[in-house]
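For reference, the chains in residue letters:
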Amino acid sequence: MRLLVLLMSLAMPVVAFLSQRAVFGPDNGTVSDQYPTLLVASGYAFAIWGLIFVLDLIYGVWQASGERRTDPTVAHVAPWAAAGFALTALWMPLFSMGSPANGLYWACLLVIFGAMFCLVRCAFVLSHDSTPQEGQWLWAWTPLSLHAGWLSVAAFLNLAQVIVAHELLPTAQMLSWSLVVFAAAAALLLFVNHHMHGNIDYAGAAVWGLVAVYVKQSGWDVPGANVAAWVAIAIAAILVVQTFWLRRRHPGGLLTNPARAD
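Only a predicted model underlies this, so the values are computations on that prediction, with no experimental measurement involved.

A. Broad picture of the layout of surface pockets. Taken as a whole, the largest pocket spans an internal volume of roughly 670 Å³. Surrounding the largest pocket, 30 residues form its lining, Asn28, Gly29, Phe46, Trp49 and Trp91 being those nearest its centre. Among the secondary structure elements, those contributing two or more residues to the lining of the largest pocket are helix 1 (2-20), helix 2 (28-34), helix 3 (48-63), helix 4 (72-97) and helix 6 (136-165). Looking at which element gives the most residues to the lining of the largest pocket, the answer is helix 6, with six residues. Classifying every residue of the lining of the largest pocket gives 17 nonpolar, eleven polar and two charged. Estimates place the volume of the second largest pocket at around 170 Å³. Ranked by residue count, the leading element in the lining of the second largest pocket is helix 5 (residues 104-127), at five residues.

B. Helix 8 (residues 200-218), seen in detail. With 19 residues, helix 8 ought to run about 27 Å at 1.5 Å a step, and its terminal C-alpha atoms sit 26 Å apart, in line with that. Buried within helix 8 we find Asp201, Tyr202, Ala203, Ala205, Ala206, Val207, Gly209, Leu210, Ala212, Val213 and Gln217. Where the residues of helix 8 are buried, they touch helix 3, helix 5, helix 6, helix 7 (175-195) and helix 9 (225-249).

C. View of a nonpolar patch on the surface. Residues Leu10, Val14, Phe17, Leu18, Val23, Leu57 and Val61 make up a contiguous nonpolar surface patch of about 570 Å² in total accessible area. Of all the secondary structure elements, the ones that give two or more residues to the nonpolar patch are helix 1 and helix 3. Relative to the helices and strands, Leu10 is located in helix 1. For Leu10, a relative accessible area of 44% translates into the label partly exposed.

The rules behind these values
Residues numbered from 1 in each chain as written. Predicted model: local features only at pLDDT ≥ 70, side-chain atom pairs only at ≥ 80, totals over all residues. Heavy atoms only, no water. 1 Å grid on protein atoms, 1.4 Å probe; cavity = no way out; pocket = protein on both sides within 12 Å on 5 of 7 lines; lining within 4 Å. Points joined across faces, edges and corners; volume = space filled by probe spheres on them. Helix = DSSP H or I, 4+ residues; strand = E, 2+ residues; numbered from the N terminus. Nonpolar A, V, L, I, M, F, W, Y, C, P; charged D, E, K, R; others polar. Expected span 1.5 Å × (residues − 1). Buried < 20%, exposed > 50% of the residue type's maximum accessible area, 1.4 Å probe, protein only. Contact = heavy atoms within 4.5 Å. Patch = residues over 30% accessible without salt bridge, like charges linked within 9 Å, V, L, I, M, F, W, Y side chains within 5 Å. Areas by Shrake-Rupley, 256 points an atom, 1.4 Å probe, with all protein chains shown as cover. Salt bridge = Lys/Arg side-chain N within 4 Å of Asp/Glu carboxyl O.

Interpretation note: all reported values are geometric properties and have no functional meaning in isolation.
Next comes the structure, spelled out in structure tokens:
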């Protein structure tokens, strides 16, 4: 299983490289532009994938070497990490090859929410490990928390695009149903962050995405975009306040890794 985690951590950047070169079909930006929504983020936000892929690869090497090979917590996380990485890699070609006609966007939605669940599970387990391995907060907790936080936003961006692509709800006036999607995303983010006692990396990745939504929507002429921009930044602000409040409330103060507090 440790080898599988390592292989899947390598597969993600390889598939991303191929995807951005249109090997599977149009790149993700091109596909996204075909279905504008009130939850789409500015293009710079997706640069976070580079950081996530590098840190996930380091995690893959870290967890397969040294004393970590016999650590029960790292072993418990391994299947979830392998599944989350595999689903992340699978999502990219599916999204490129998808269209309303072939139904692959529905598969994309299942895959990205599945990946999110797996990575959130990893971050949750590591956040509650009272006896972490040396370096665990940096080489395991940080990469998996960042990945989980970004997917917790990206999954809802994908949901909005599927709604528009399949015209499930009005596409000329999207504000009403977009607010429902925003509310669902906010509920998930705040719930997960609360149960991890304020995971700074998880919240940080989510805030990065929400600020990028604000940047994109605040300069757009799509009806409802200005309201969507302020909703996104409001959720980001609430998440920041919640995170710092939780870190001050729980033992360890503002330590980034709750598990390090004794």
